[in-house]
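Fold and geometry: a report
One letter stands for each residue in the lines below.
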Amino acid sequence: MMPHNTQSKPYFLADEAACEALTDMPPRSEEELDVVTLHNQGLMNMENNPTQGFQKFQFLLQQNPFPPETFGNLLLLYIKYEVRNKHEQIIPSENP
């Protein structure tokens, strides 16, 4: 069995390579990108620019269909970044 640190290295390189590939893309509007690329850009932006990341996820939720991971990731990111009351924009409230 390989030591743990050598097993995790390829995953780090893959993540690093994926981020580099996304940042090397020419600038495009959200409408021009496929949903998977847009979702990945949203995830990638969360560390340095959460506002831009949240905007990309919100845009994705308006598309039909959107990647199923988008909804769950957005909820988790709202919790992680302690964004309050944003769930009301994506989960309709029930009015009696």
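Residues numbered from 1 in each chain as written. Predicted model: local features only at pLDDT ≥ 70, side-chain atom pairs only at ≥ 80, totals over all residues. Heavy atoms only, no water.

A complete count under the given rule lists one salt bridge for this structure. The salt bridge partner of glutamate 47 is lysine 80, with a shortest N-O separation of 3.5 Å. A residue pair is termed long-range when its members are at least 10 positions apart, and glutamate 47 in the loop between α2 (35–45) and α3 (50–61) and lysine 80 in helix α4 (residues 68–80) qualify at 33 residues. Given the relative accessible area of 53%, lysine 80 is considered exposed. (Salt bridge = Lys/Arg side-chain N within 4 Å of Asp/Glu carboxyl O. Helix = DSSP H or I, 4+ residues; strand = E, 2+ residues; numbered from the N terminus. Buried < 20%, exposed > 50% of the residue type's maximum accessible area, 1.4 Å probe, protein only.)

This part is about the environment of leucine 38. Relative to the assigned elements, leucine 38 resides in helix α2. Given a relative accessible area of 1%, leucine 38 falls into the buried group. A sequence separation of 22 residues divides leucine 38 from leucine 60, and the C-alpha atoms of the two residues are 7.6 Å apart. When residues no more than four places from it in sequence are discounted, the contact partners of leucine 38 are Glu30, Leu33, Lys56, Phe59 and Leu60. (Contact = heavy atoms within 4.5 Å.)

Everything listed is a geometric property; what it means functionally is a separate question.
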